[in-house]
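Commentary on secondary and tertiary structure
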Amino acid sequence: MKETLTNRKIWLNGKIVPLEEANINILTPTSQFGVNVFEGLRCYWNEQKQQLFAFRLEEHFKRLRQSVKMLRLEDRFSDEQLRNSFIEVIRANDFREDITVRQTIFLDGTGSWSSKGPVGMFVAPIPKGRAFGSKQGISACISTWERINDGNISPRIKVGANYINSRMAQMEAIENGFDTAILRNNQGKIAEGPGSCLFIVRDNELITPPLTASVLESITRRTLMELAEKELNIRTVEREIDRTELYISDEVFMCGTAMEVVSILSIDRLSVNDGKPGRVTETLKNIYFEVARGDKEGYEQWLTPIYPEAK
């Protein structure tokens, strides 16, 4: 790991500064009320090509600007500014390993929670490996907390305040001895996990809740659906899922930028696939990493090289 948490560099409002100098006023609406929108992005290091690839960068920028629009913030950053700031700060840190990058547009100044501006932005890269290390899979429980929905605070917007909902579910899960949680929507149907979407496999059919089931319009979710169809000839069915259907599924897995692809080996202490990762899940996960790391031909359009001196 080249950089540590204490000496890495951050892009803040047009300047690359040491982490300890990346400060904002504590009275900003983003500090007081969580008024910010963000993207978590992954970059994968390819040792053979000596290149760091950002995965589906343009799709993340598009979703970030959609969040800005829906939260009614000032839209002052162009796609070029989003891209340049992202690449500049990674190069400034000279990361040559797997990293995650938080790109956040926040409500600055000393206005109220209903202000539209001024807005600022920071871009913060950090070395990041797999979410659960070398674990084959994780345990989950059905949360007692209900997932937010489009009628109150939409999960379609990646706004910082939304993640209090995920926090409540995750803390409940951990305190009860599980690795993560699965939330239901206000109709009692399965929605998603804290910061991750959910898939099941039944009778060789890949199934996931629809976007109207109180889930984020996940880029990783869409990626896996595309890979399943193109590489495995499996079309994904988007439909409602009941809690008890999870108990009798052949495979269950979660996905997301932070989570990547992780098998769920038990739900409410009932084993899934005898507590072992499933064939479809593992195949999709391996393909996903091949594509994201630049080792599989045909997906170059999803990759943005960070360094100009690639082999």
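Residues numbered from 1 in each chain as written. Predicted model: local features only at pLDDT ≥ 70, side-chain atom pairs only at ≥ 80, totals over all residues. Heavy atoms only, no water.

Quick word on the pattern of salt bridges
Within the structure shown, the criterion is met by 24 salt bridges. The residue arginine 56 makes a salt bridge to glutamate 226 at a minimum N-O spacing of 3.7 Å. Taken together, the positions of arginine 56 in the loop between strand 4 (51-55) and helix 2 (57-70) and glutamate 226 in helix 5 (residues 219-232) put the pair 170 residues apart, joining distant regions of the chain. Its relative accessible area of 4% is what places arginine 56 among the buried residues. Across the pair arginine 65 and aspartate 75 runs a salt bridge whose closest N-O atoms are separated by 3.0 Å. Remark: aspartate 75 occurs in the loop between helix 2 and helix 3 (79-93) and arginine 65 occurs in helix 2; sequence separation between them is 10 residues. (Salt bridge = Lys/Arg side-chain N within 4 Å of Asp/Glu carboxyl O. Helix = DSSP H or I, 4+ residues; strand = E, 2+ residues; numbered from the N terminus. Buried < 20%, exposed > 50% of the residue type's maximum accessible area, 1.4 Å probe, protein only.)

Overview of unusual backbone geometry
Cis geometry marks the peptide bond from glycine 117 to proline 118, where omega comes out at 0°. Although it is not a glycine, aspartate 203 sits at a positive phi angle of roughly 50°. Relative to the helices and strands, aspartate 203 is located in the loop between strand 9 (197-202) and strand 10 (205-208).

Here we look at the side chain of glutamine 51
Here glutamine 51 shows up in strand 4. A polar contact of 2.6 Å, which involves the side chain of glutamine 51, links it to the backbone oxygen of tyrosine 307. (Polar contact = N/O pair within 3.5 Å; in protein donor to acceptor, adjacent residues only side chain to side chain.)

A look at helix 3
Between its first and last C-alpha, helix 3 extends 22 Å over 15 residues, near the 21 Å set by a 1.5 Å rise per residue. Of the positions making up helix 3, those classed as buried are Leu82, Ser85, Phe86, Ile87, Val89, Ile90 and Asn93. Where helix 3 terminates, the next one or two residues include aspartate 94, which has phi positive at roughly 55°. (Expected span 1.5 Å × (residues − 1).)

Brief notes about empty space enclosed by the protein
Applying the stated rule across the entire model yields 1 cavity of 30 Å³ or more. Lining the largest cavity, in full, are Arg42, Phe55, His60, Ile219, Thr220, Thr257 and Tyr288. Each residue belonging to the lining of the largest cavity can be placed in one class, and the counts come to 3 nonpolar, 3 polar and 1 charged. (1 Å grid on protein atoms, 1.4 Å probe; cavity = no way out; pocket = protein on both sides within 12 Å on 5 of 7 lines; lining within 4 Å. Points joined across faces, edges and corners; volume = space filled by probe spheres on them. Nonpolar A, V, L, I, M, F, W, Y, C, P; charged D, E, K, R; others polar.)

A look at the sheet that holds strand 15 (residues 303-305)
Strands sit in the order 2-1-6-5-3-4-15 across an open sheet of 7 strands; the sheet is antiparallel. The open sheet has two free edges, formed respectively by strand 2 (15-18) and strand 15, since each of these has just one partner strand. If you compare each strand with its neighbour and ignore which way they point, the axes differ by 25° on average. As paired strands, strand 1 (residues 9-12) and strand 6 (residues 119-127) are joined by 2 bridges and run antiparallel to one another. (Pairing = 2+ DSSP bridges. Axes fitted to C-alpha atoms, helices over the stretch in contact; angles between N-to-C directions.)

Considerations on the packing of aromatic side chains
Geometrically, a pair of aromatic rings is defined through the distance of the ring centres and the angle of the planes. The tally for this structure, following the rule as stated, stands at 9 aromatic pairs. Taken together, a centroid distance of 6.0 Å and an interplanar angle of 85° make the contact between phenylalanine 55 and tryptophan 302 edge-to-face. One end of the pair, phenylalanine 55, is in strand 4; the other, tryptophan 302, is in the loop between helix 7 (279-292) and strand 15, with 247 residues separating them in the sequence. The two residues phenylalanine 55 and tryptophan 302 agree in class, both being buried. With a centroid separation of 6.3 Å and 80° between ring planes, the pair formed by phenylalanine 61 and phenylalanine 86 is classed as edge-to-face. (Phe/Tyr/Trp six-rings, centres within 6.5 Å; stacked < 30°, edge-to-face > 60°.)

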